[in-house]
Structures are given as C-alpha cells and as structure tokens.
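This is what each chain is made of:
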Amino acid sequence: MTEQKFSYKEAMIYSQRVAQMSKALWKAVEKDWQQWIKPFDLNINEHHILWISYHLQGATISDIAKFGVMHVSTAFNFSKKLEERGYLKFFKKDDDRRNTYVSVTEEGEELLLGMNEHYHDSKHEILEGSLPIKSIYGKFPEFLEVMSVIRNIYGEDFMEIFELGFNRIDHTFDDDLGHKREPWEIAEIAELQTVEEK
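The structure displayed is predicted, hence computed values, not measured ones.

Cut-offs and rules
- Within each chain, residues carry numbers counting from 1 in the order of the written sequence.
- Local features in this predicted model are restricted to residues whose pLDDT is 70 or higher, and side-chain atom pairs enter the listing and the counts only when it is 80 or higher, whereas totals over whole chains, interfaces and linings include all residues.
- Based on all heavy atoms of the structure, the side-chain values leave hydrogens and waters out of the count.
- A helix here means a DSSP run of H or I that spans at least four residues, while a strand means a run of E at least two residues long, and both kinds are numbered starting from the N terminus.
- All axes are obtained by fitting lines to C-alpha atoms, using only the stretch in contact for helices, and the reported angles, taken between N-to-C directions, cover 0 to 180 degrees.
- Reported orientations rely on four angle classes, namely roughly parallel under 35 degrees, roughly antiparallel over 145, roughly perpendicular from 65 to 115, and oblique for the rest.
- By definition, residues are in contact when any of their heavy atoms lie within 4.5 Å.
- For this classification, the nonpolar set comprises Ala, Val, Leu, Ile, Met, Phe, Trp, Tyr, Cys and Pro, the charged set comprises Asp, Glu, Lys and Arg, and every other residue, Gly included, is treated as polar.
- Two aromatic rings from Phe, Tyr or Trp, using only the six-membered ring of Trp, form a pair when their centres are within 6.5 Å; if the ring planes differ by under 30 degrees the pair is stacked, by over 60 it is edge-to-face, and anything between is tilted.
- Whether a residue is buried, partly exposed or exposed follows from its accessible area with a 1.4 Å probe, protein chains only, as a fraction of its type maximum: under 20%, in between, or over 50%, in that order.
- Two conditions define a charge sitting above a ring: the NZ of Lys or the CZ of Arg must be within 6 Å of the ring centre, and it must be within 35 degrees of the ring normal.
- In this analysis, strands are considered paired if DSSP registers two or more bridges between them.
- In the sections that follow, a salt bridge refers to a side-chain nitrogen of Lys or Arg positioned within 4 Å of a carboxyl oxygen of Asp or Glu.

A. Summary view of unusual backbone geometry. The backbone of D41 shows a phi angle near 55°, a positive value even though the residue is not glycine. Relative to the helices and strands, D41 is located in the loop between α1 (8–37) and α2 (44–56). One non-glycine residue, Q57, lies in the positive phi region at around 50°. By secondary structure assignment, the location of Q57 is in the loop between α2 and β1 (59–60).

If you want it as structure tokens, here you go:
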C-alpha cells in the first residue's frame, strides 16, 4: 500500500460503504438481469459470455474470463454449454494455436437480437431507480468515480474492452435495440461522429 494519508477508521468506513452499496446494487442488477433473460433459458454467466463474445468478435477464453470477472474454468465451462446449444463455436487461429477463441454463431446472434427486442418486457429496478436522476440532469448517471476505481483495480485494457462493448451496441443497433443496423448505416454514423469531433 502507498504512504498512508488517511486514518484506519476512514479506510474501514469507506471500504464497508463500498461493500454495502455494491451488494445492494448487485442484488437489484442480478434480479433485473435474471428476469430479462429467464424466457430465453440462459443464466447470467451464459448471457454475459454470449454478450462478451458477440462484442469482442473472436475473444479468447481468457478475454471472456477477464472482462466477465470470472474464473477461466467458469468461462470455459459455460462457453462449452453455449457451444452445445449452438450459440457459440470454438476455434483456433493459424497464427495462435495456444489460445482457444470463441465466436457467436448465427443462432447465438439471433438469440441476442431477440433478447434486445424484449428488453422492456421485464421490470428493471436499476433503470427505474435512475430515472429521477435522468429527469433532473438529462442523462443517466455515468459513475465516473466508480469507473476510475475499477480502472485502478483491473487496468486500462479492462476499461477499453468495457467501452468497446457499449460502443458496439451504440453503433450496431438503432434506439429500439431490435433493429440491427446495416453496415452502411454504421459507416455513416461513424463518419458523422468523426466530423462532429473535428
């Protein structure tokens, strides 16, 4: 630990506050997530692996474990179950025979798109709890301080993968999430954003 610039009491209160808030938040997130995916006969690990694989487009089992914040054996075992159901396929790259890669099959992509279309069919307490903030500030909470803590724990590459997934959702789907944009639509959006940034 670096040179101490805080009291033990302050550190303990901070750690316990984060633990309690994280546990409370996770309970609501877990409930929302389970209700959303239940009709599709997936558990949270399976959905998370499918989602990560879809957005990373050829992820290693290690990538899935790291980004999914799960043990490598968990990532591998649930990926195998998804493969058995026809949603993922395993492969090796010619230039990298050591790592096992996974990609989403057509059936897996159809499942994810179907889930997106039915996102609002279930209740989402996290969304409901955030709406008053969006109403006041015009946007959902961004959790910048929390993201900074996560970056300091898991590293910059974790945050890059984190942002990549959400950027792909933003660019790949229309606002209703049910319609996957065509490649030409994605290119037009990227071009417009480049112009706006200049």
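This is not the end of the story, as more comes after the structure.
B. The packing of α2 against helix α5 (residues 106–117), seen in detail. One way to put it is that α2 packs onto α5 with a least axis distance of 11 Å and a crossing angle of 110°. Classified by the angle their axes make, α2 and α5 are roughly perpendicular. Residues H47, L50, W51 and Y54 of α2 form the contact with α5, whose own contacting residues are G108, E109, L111, L112 and M115. For the contact of α2 with α5, a count of residues per class yields 6 nonpolar, 2 polar and 1 charged.

C. Representation of the packing of aromatic side chains within the structure. Applying the stated rule across the entire model yields 7 aromatic pairs. An angle of 85° between the planes, with centres 5.2 Å apart, marks the rings of W36 and Y119 as edge-to-face. Residue W36 is found in helix α1, and its partner Y119 is found in the loop between α5 and α6 (125–137); the two are separated by 83 residues along the sequence. For W36, a relative accessible area of 14% puts it in the buried group. Here Y119 falls in the partly exposed class, since its relative accessible area comes to 23%. Ring pairing ties together the aromatic residues W51, F67, Y154 and F158, which thus form one cluster. The aromatic ring of F90 is capped on one face by K80, whose charged end is 4.8 Å from the ring centroid.

D. Highlighting the sheet that holds β1. In space, the 3 strands of this open sheet follow the order β1-β3-β2, with antiparallel pairing throughout. Each having just a single partner strand, β1 and β2 (88–93) make up the two edges of the open sheet. Here β2 runs beside strand β3 (residues 96–104); their pairing, made up of 5 bridges, is antiparallel. Looking at the pairing, F91 lines up with Y101 of β3.

E. Representation of the pattern of salt bridges within the structure. All chains considered together, the criterion is met by 8 salt bridges. Note that E46 is salt-bridged to R85, the shortest N-O span being 3.8 Å. Of the two residues, E46 sits in helix α2 while R85 sits in the loop between α4 (72–84) and β2, which places them 39 residues apart along the sequence. Under the relative-accessibility criterion, R85 is labelled partly exposed at 33%. Among the salt bridges present, the one from K139 reaches E142, with a minimum N-O distance of 3.1 Å. Among the residues examined, E142 registers a relative accessible area of 40% and is labelled partly exposed. Linked through salt bridges whose partners overlap, the residues forming this network are D41, E46 and R85.

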